[in-house]
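Geometric and topological summary
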Amino acid sequence: MISIKTFDQAADLQNPRRILKYVLIFCTSGSTTISVDENEFILNEGSVITITSGQIHYFKDIQNATGFVLEFTYNFFCKDDTDMELIFHNGLFCHFAMNEMIKVDNSEIIIKQLEEISKELTETPYQYLISIHSRIELILIEINRTKINRGDEIYKPDALFLHFLETVLKNFEKNLSVNEIAALIGTTEAKLNELSKLHTNKTAQNVVFGLIISEAKRLFNYEKLSVKEVAYTLGFNDPFYFSNFFKKHTNISPKSYKEKVPHL
């Protein structure tokens, strides 16, 4: 549900891994290279990166760096729509592979909260989980303030749109239509198209297609599945149809993609 560890305790991060938690990595000294999906980021002192649930990530070089790795589940943090909007505010923990290294303005505030979270988890005082939730809120607010101070445009996602994205991610194998997804979350296909156009300038269906392609790439890269296995995992009954779908959206066949990606 919630955990925190220092870089020297994060042995599992020295190899590619994929977890269904949101991960916040903060560097307190030195420098380290972090791989997230198909991209690499250099994390320096006072910098943070956020990684959304399901993304492949690992340290490529951690020898001279110190810091914290905070992990928490969607259900732990997102108690209501306000929480959901905060966790994705300004692109943090974004579903669309918009990871970035952020040099925070007031790193001492974030370090203090991370240290207090560690203490709360160790001592488990009365209502410690409520306290930790509030401290994560403070950390995210401080990161957002940094982004606004450097001139970033404010991006506040709509909670219903985020429910849509989460539902897609949790139901790949069912190959749900946009209309079926809308019914699951109590809205209409027209509303999802309206929100998708607003947030991504794409139709809801194309948003779903993009998430499927990202997931397919992760399955090829990390799970080392065959084209047929990936097709079935993503709800395609016909691997040939999946191959055509993948090539249409990436301009490369699944087989060629598998051959060109580096081995993790």
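See the structure above.
Computed from a prediction, not measured in an experiment: that's the story for all the values here.

**Thoughts on the sheet that holds strand β8 (residues 102–103)**
- With respect to topology, five strands assemble into an open sheet ordered β1-β7-β2-β5-β8, the strand pairing being antiparallel. Edge strands, defined here as strands with exactly one partner in the open sheet, are β1 (2–6) and β8.
- Relative to strand β7 (residues 66–72), β1 runs antiparallel, the two sharing five bridges. When the bridges of β7 are listed, Lys-5 appears paired with Val-69.
- Contacting β1, β2 (22–29) and β7, helix α3 (residues 107–123) runs over the sheet at an angle of about 115° to β1.

**Focus on the pattern of salt bridges**
- Applying the stated criterion across every chain, the model contains 15 salt bridges.
- Lys-5 is paired through a salt bridge with Asp-12; the nearest N and O atoms lie 3.1 Å apart.
- The class of Lys-5 is buried, set by a relative accessible area of 16%.
- One salt bridge in this structure joins Glu-71 and Arg-17, with 2.5 Å as the shortest N-O distance.

**Looking at the sheet that holds strand β4 (residues 39–44)**
- With respect to topology, three strands assemble into an open sheet ordered β4-β3-β6, the strand pairing being antiparallel. At either end of the open sheet lies a strand with only one pairing partner, and these are β4 and β6 (57–61). Sheet twist, expressed as the mean angle between neighbouring strand axes with direction ignored, is 30°.

**Observations concerning the nonpolar core**
- One finds Phe-72, Ile-136, Phe-164 and Phe-242 to be the most contacted residues of the largest nonpolar core, which totals 64 residues.
- One finds Ala-10, Cys-27, Ile-49 and Ile-51 within the second-largest nonpolar core, a separate group that totals 16 residues.

**A look at the pairing of strand β5 (residues 47–51)**
- Of all five residues in β5, five are buried, a share of seventy percent or more.
- Neither face of β5 is exposed, since Ser-47, Ile-49 and Ile-51 on one face and Val-48 and Thr-50 on the opposite face are all buried.
- In this sheet, β5 lies alongside β2 in antiparallel orientation, the contact comprising five bridges. What sits directly across from Phe-26, in β5, is Val-48.

Calculation notes
Residues numbered from 1 in each chain as written. Predicted model: local features only at pLDDT ≥ 70, side-chain atom pairs only at ≥ 80, totals over all residues. Heavy atoms only, no water. Pairing = 2+ DSSP bridges. Helix = DSSP H or I, 4+ residues; strand = E, 2+ residues; numbered from the N terminus. Contact = heavy atoms within 4.5 Å. Axes fitted to C-alpha atoms, helices over the stretch in contact; angles between N-to-C directions. Salt bridge = Lys/Arg side-chain N within 4 Å of Asp/Glu carboxyl O. Buried < 20%, exposed > 50% of the residue type's maximum accessible area, 1.4 Å probe, protein only. Core = buried A, V, L, I, M, F, W, Y, C linked by side-chain atoms within 4.5 Å.

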